[in-house]
Amino acid sequence: MKHLLFSIITSGMLFLSLGIHAQQMPPIPVDTNVIIGKLDNGLTYYIRENKLPENRADFYIVQKVGSILEEENQRGLAHFLEHMAFNGTKNFPGGKEGQSLISYLETIGVKFGTNLNAGTGMDETIYNINDVPTTTTGAVESCLLILHDWANALLLLDDEIEKERKVIHEEWRTSRDAAQRLIDSIAPAIFRDSKYAQRMPIGLMSVVDHFKPQVLRDYYHKWYRPDLQGIIVAGDIDARAIEQQIKTLFSSIPKAENPAERIYEQIPDNGEPIVALAVDKELPMNNIMLAYKRNPVSSDKKTTMDYFVYQYVTQMIGQMLNDRLQELLQESNPPFAFGLANNSSYFGVGTKDALQVISVANPNKADTAIAVMLREVKRARDFGFTEGEYERAKANYLSKLEKQYNEREKQQNNFYVTQYIAHFLKNEPIPSLEDRYALAQQLTPAIPLEAVNQIMQQLVSDKNRVLVIMGNEKETYPSEAEMREIIRSVDGEQLAAYKDNTVKEPLLATLPAKGEIVKEEKDGDRQTLVWTLSNGARVVVKNTDYKEDEILLSGFALGGTSSFDDRYLAEIKLMDDLATVGGLGNFSATDLKKNLSGKNAEVSFSVKQYNQSIDGKSNSKDLEVLMQLIYLNFTSVRKDDKAYQSLAGRLKGILPTLAGNPEFVFTDSLMSAMYFGNPRMTIPTAQEIDACNYDKLLELYKSRFADASGYTFTFTGNVSGEQLKPLVEQYIASLPGSASGEKPQIKELPTRKGFYTNSFTRTLETPKATTAIVYTGGMAYDVKNTVYLDALAQLFQMEFTDQIREEKGGTYGVRVRHEAEKLPVEGFTLQFQFDTDPGRRTELVETMNGIVDGIRQNGPAAARLQKVKEYMVKQHTDNKRKNEYALKNTWQYYVYQVDLEKDYLQQVESLSEASLRQFADRLFGQGNRVEVSMSSDE
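Just so it is clear, the model here is predicted, and its values are computed rather than measured.

Trainee: Whenever I open this one, the packing of helix H26 (residues 783–807) against helix H28 (residues 862–879) confuses me. Can you help?
Mentor: Packed helices, taken two at a time, are described by the angle between their axes plus the distance between the axes. Two elements in contact, H26 and H28, have axes separated by 10 Å at closest approach and are oriented at 125°. Between H26 and H28, the crossing angle belongs to the class labelled oblique. Helix-helix and strand crossings are classified by hand; for H26 and H28 the assignment is right-handed. Contacts from Val787, Asp790, Ala791, Gln794, Leu795, Met798, Glu799 and Asp802 in H26 reach Arg864, Leu865, Lys867, Val868, Tyr871 and Met872 in H28. Residues belonging to the contact of H26 with H28 are distributed by class as follows: 8 nonpolar, 1 polar and 5 charged.

Trainee: What is the right way to read the confidence of the model for the protein from this model?
Mentor: In low-pLDDT regions, the fine details of the predicted coordinates are not to be read closely. Taken residue by residue, the protein gives an average pLDDT of 95. The fraction at 70 or more is 97%. Confidence over residues 1–22 falls short of pLDDT 50; this stretch has 46 contacts with residues more than four positions distant or in other chains.

Trainee: I keep staring at the sheet that holds strand S18 (residues 712–717) and nothing clicks. Help me out?
Mentor: The mixed open sheet is built from 7 strands, whose spatial order is S12-S13-S14-S18-S15-S17-S16. Each of the sheet's edge strands pairs with one partner strand only, and the pair in question is strand S12 (517–523) and strand S16 (601–607). Averaged over all adjacent pairs, the angle separating strand axes in this sheet is 15°, with direction ignored. Those strands touched by helix H29 (residues 883–896) are S12, strand S13 (528–533), strand S14 (538–543), strand S15 (551–558) and S18, and its axis lies near 25° from that of S15.

Trainee: For this particular structure, what's the right way to read the packing of aromatic side chains?
Mentor: Aromatic ring pairs are defined here through the distance separating the ring centres and the angle between the ring planes. Inspection of every chain in the model, using the stated rule, returns 39 aromatic pairs. Geometrically, the ring pair formed by Phe86 and Trp150 is edge-to-face, given 5.6 Å between the ring centres and 65° between the ring planes. Taken together, the residues Phe86 in the loop between helix H3 (77–84) and helix H4 (101–107) and Trp150 in helix H5 (residues 139–152) connect sequence positions 64 residues apart. Each of the two residues, Phe86 as well as Trp150, counts as buried. Members of the aromatic cluster, connected to one another through ring pairs, are Phe86, Phe112, Tyr127, Trp150, Tyr220 and Tyr224. In this structure, Arg526 packs its charged tip against the face of Tyr893, placed 4.1 Å from the ring centre.

Trainee: How do you make sense of the environment of Gln609 when you look at a structure like this?
Mentor: With respect to the helices and strands, the residue Gln609 is situated in the loop between S16 and strand S17 (611–618). For the pair Gln609 and Ile746, spaced 137 residues apart in the sequence, the C-alpha separation amounts to 8.7 Å. Those residues in contact with Gln609, other than ones at most four positions away along the chain, are Gly559, Gly560, Thr561, Ser562, Arg680, Met681 and Leu749.

Trainee: Teacher, can you tell me more about H5 here?
Mentor: Helical geometry: 3.6 residues make up each α-helical turn, so side chains three or four residues apart lie on a common side. Taking 1.5 Å as the rise per residue, H5 with 14 residues should run 20 Å; its terminal C-alpha atoms sit 20 Å apart, in good agreement. For H5, the tally of buried residues reaches 11 of 14 residues, placing the bulk of the element in the interior. Taken together, the buried positions of H5 are Ala139, Val140, Ser142, Cys143, Leu144, Ile146, Leu147, His148, Asp149, Trp150 and Ala151.

Trainee: Even after reading the chapter, I still don't get the sheet that holds strand S19 (residues 755–762), so can you show me in this structure?
Mentor: Strands in a sheet are paired, the pairing made by backbone hydrogen bonds, and the direction either parallel or antiparallel. The mixed open sheet is built from 5 strands, whose spatial order is S19-S23-S20-S22-S21. A single partner strand is all that each edge strand has here, and the edge strands are S19 and strand S21 (815–821). Averaged over all pairs of adjacent strands, the angle between their axes in this sheet comes to 10°, without regard to strand direction. Looking at chain direction, S21 and strand S22 (residues 827–836) are connected through 7 bridges and run antiparallel. Across the sheet, residue Glu819 finds its bridge partner in S22, namely Thr829. With respect to the sheet, helix H22 (residues 662–674) is in contact with S19, strand S20 (769–778), S22 and strand S23 (929–936), its orientation differing from that of S23 by roughly 155°.

Trainee: Looking at this structure, I do not really get the side chain of Lys293. What am I missing?
Mentor: Looking at where Lys293 falls in the secondary structure, it is placed in strand S8 (residues 287–294). Within the local environment of Lys293, its side chain forms a polar contact with the backbone oxygen of Pro268, the two atoms lying 3.0 Å apart. Within the local environment of Lys293, its side chain forms a polar contact with the side chain of Asn270, the two groups lying 2.8 Å apart.

Trainee: Is there a simple way to explain the nonpolar core in this structure?
Mentor: For soluble globular proteins, nonpolar side chains are generally found buried alongside one another. One finds Phe59, Leu105, Ile129, Trp150 and Phe191 to be the most contacted residues of the largest nonpolar core, which totals 85 residues. The leading source of residues in this core is H5, at 8 residues. When residues no more than four places from it in sequence are discounted, the contact partners of Leu105 are Val110, Leu116, Ile129, Cys143 and Ile146. Grouped together as the second largest cluster of nonpolar side chains are 66 residues, Ile551, Tyr711, Tyr731 and Ala733 included.

Trainee: Can you walk me through the pairing of S13 in this structure?
Mentor: Residues in a regular strand point their side chains to alternate faces of the sheet. In terms of burial, S13 is largely enclosed, as 5 of its 6 residues are buried. Joining the antiparallel neighbours S12 and S13 is a turn of 4 residues, in which Gln527 adopts a positive phi near 55°. Across 4 bridges, the pairing between S13 and S14 is antiparallel. Bridging across to S14, Trp531 finds its partner in Val539. In textbook terms, the turn of a hairpin is the stretch between consecutive antiparallel strands, and for S13 and S14 this stretch comprises 4 residues, one of which, Gly536, has a positive phi near 90°.

Conventions and cut-offs
Going along each chain's sequence as written, the residues are numbered from 1 onward. Whole-chain, interface and lining totals are the exception, using all residues; otherwise, since this is a predicted model, local features are given only for residues with pLDDT of at least 70 and side-chain atom pairs are given and counted only at 80 or more. To get the side-chain values, take all heavy atoms of the structure and skip hydrogens and water. Angles shown run from 0 to 180 degrees and are taken between the N-to-C directions of axes, each axis being a line fitted to C-alpha atoms and, for helices, limited to the stretch in contact. Helix numbering and strand numbering both begin at the N terminus, where a helix is a DSSP run of H or I of at least 4 residues and a strand a DSSP run of E of at least 2. Reported orientations rely on four angle classes, namely roughly parallel under 35 degrees, roughly antiparallel over 145, roughly perpendicular from 65 to 115, and oblique for the rest. Two helices cross in a left-handed way if the nearer one is turned anticlockwise from the farther one by less than a right angle. They cross in a right-handed way if the turn is clockwise. Throughout, a residue-residue contact means that at least one pair of heavy atoms, one from each residue, lies within 4.5 Å. By the convention adopted, Pro, Cys, Tyr, Trp, Phe, Met, Ile, Leu, Val and Ala count as nonpolar, Lys, Arg, Asp and Glu as charged, and the other residues, Gly among them, as polar. pLDDT: the predictor's confidence for each residue, scored from 0 to 100. A pair of strands is labelled paired if DSSP reports no fewer than 2 bridges between them. Note on aromatic pairs: the rings of Phe, Tyr and Trp (six-membered ring only in Trp) are paired at centre separations within 6.5 Å, and the planes decide the class, stacked below 30 degrees, edge-to-face beyond 60, tilted for the rest. For the exposure calls, accessible area comes from a 1.4 Å probe over protein chains only, and a residue counts as buried if that area is under 20% of its type's maximum, exposed if over 50%, partly exposed in between. Charge over a ring is defined by NZ of Lys or CZ of Arg lying within 6 Å of the ring centre and within 35 degrees of the ring normal. Take the number of residues in a helix, subtract one, and multiply by 1.5 Å to get its expected span. As used in this structure description, the phrase polar contact means that two N or O atoms lie within 3.5 Å; if the pair is within protein, one of them must be able to donate a hydrogen and the other to accept it, and residues adjacent in sequence are counted only when both atoms belong to side chains. Note on terminology: a nonpolar core comprises buried Ala, Val, Leu, Ile, Met, Phe, Trp, Tyr and Cys residues joined through side-chain atoms within 4.5 Å.

What follows is the structure, given as structure tokens:
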């Protein structure tokens, strides 16, 4: 069967409209800044010089090897092999034989899990070492050596294999939630007559537990070979020097003799729709997936301009269909609680693409959701999209591309690495940003809506349809026979065309009366400009050159919901979700989105427990749009009963099934323990949604933005005072406010002190114990304490990884979270959380307690502390070139009068075994420890 686009090309419709004949299609240019080569043994490499971040590089090895290549008695070996790549290689053996690669990389500031990781899919396995300091002696050479060892020199020792079996068992336990169980259930349907149905990467624990080590070694040597491997290096390096090193190092790997054929598993077409229904009592909300499968464009046809156009057109179709679904959600009684459409790979596999529609149905209304999903796809196929929809989609596409083009010299390494991975695995095009932008500007205006609609007709047919429901046992769903009947019924319906209302009026029809800047201050040390406005608000401007076309905004004011009376509990808990659902000014939420098409500006307002916060961003061109959105959010939040009822109903619909979800139950129990069951800290109930008064909610919300005098607005990025000044006078100084306004009083929510334990059991589908240990207390909010708390958390993460994961095989990982707190009082939170076998929970908690006591009494090991310091210095150097980091430090300085940047490196240098021991003792000595554990029934 011909590929969709190429049948259109044969008809001549699309490219004749561009004045080009199909047989004359020029190739998509390849970015000349990337060096691409292939060694005699078949290994491919990509090398890119890139200066952002400075003195850093990323190293990848991509294997065209995934779980799909496993035989039935090997299920899980591809993933197991990925784990073993970190447990001993020829040049980094670990143990008594020498330094492990994890230990070495930590000495140069590369952290396991953050900068060093790997992932196994069904079609590929990818290993990465990111943010390597290229100025550190030997670092680049050592990382290339690690890639070499991953390619051909894993040790795969018996004792290391035995230890890793336990770790993978615990990864299975952690990941074996309701969603994963249901995916396993529906896989035989969605991947019918294909090996994909039985090749989930985690594999079978019966194989993981019992395979002989030689079987893993044989799998490694069979599939990890140069002709299936790609090396990617991107960063602040000498590309030609790296190329020579790759040739020298990797050419020594022998070319495979009589290699096994790498067969790409196909998913057969289906004439009749495939349907599947699976339920699980622990699923938090249902998921309905409708897919229209198609064969992807073959690799050899991805090099010419017709594929560039095809990518553009399918992206337009996905976006326009998605916009229609979002519009349906604004109805007073929407057909589903959530809807999404996209064009992408079919369920993540590489040998099939699909137009996919996903929804969350309202309770017991899956039949309605399915019918609407089918209708909207059929409507788009039968009648096509409208000119207004297409113009908005094009504008969004070009706006995003323009921003990338403007920042073409400031792209991070990962921007390029992602493209090279796709090129190696699927031969996806890799033009430069200059070429991509030029092509888009040339081709996009010339591609008519008729061509887009014709492709839509061919993407959607009566063949290759798949409909799947994954649901919760508490709800009722149509049977598989009834699902087929819904499809047949909708197929026979006569639909009406979609009617679009194009929005053309300006965001603000009338500009507000300008305010004034009454005081201007320049801070030379911080390189900021500070304005005090006539309404009492304050604006801080910090110009940077970190990005060419990025402006970030943070707004802050004390207040929040803490001082609202408890009788408004429902309104308090639903405020952030429902307050702005009606849109702004004269625009509904749907119309506002249409108005903002092609504009790169967004802002979000939030009322938190103790403050209000504003987050926004824009490019330089759309800065005034950002300012107008700020003004409208302060002054013109729109009431829309229809939109309110829609979202409130959707929220109410998903709440009942949450009660059966173990993660929800555990989180609710933890919050109850921390806050004495305070209802302000729990998820809203259906009763609270019913009790919520929309008018009162809006009144309370608006009260927090009625007076701008307490607000500090901080702008960072490529914005100057000269550029911003007239916009500040027009849109921020004009906000209502009183320069003499009083600071609002905040009311502290009581939190638990002392030692507290709550261990309970619950019937779970997967045997598991989940435990959280939370330490809290007072701590001054300053640069020293934030540095010391960060270092302490990293030390615990490393200790837990070594002792609990690697040595004991007790968990897939302990999650360590920490926070230095300013509001409502200065303090800290340090939390450890992990999953394990219920029978080992007590053992692991005792081990963790011992680690805490050890650091409190003796401090950390010197070598481990030095690794943490190395990482912190490296990360701080990178952060200093990011607008996000500059924004946070700037607003906190002017709001909290705390400088978290000054003396940072000095504080890191001051870290020692003795100073951290004293710091840990001061924190843990306050005696505030909450432990909550949920275990499955015996």
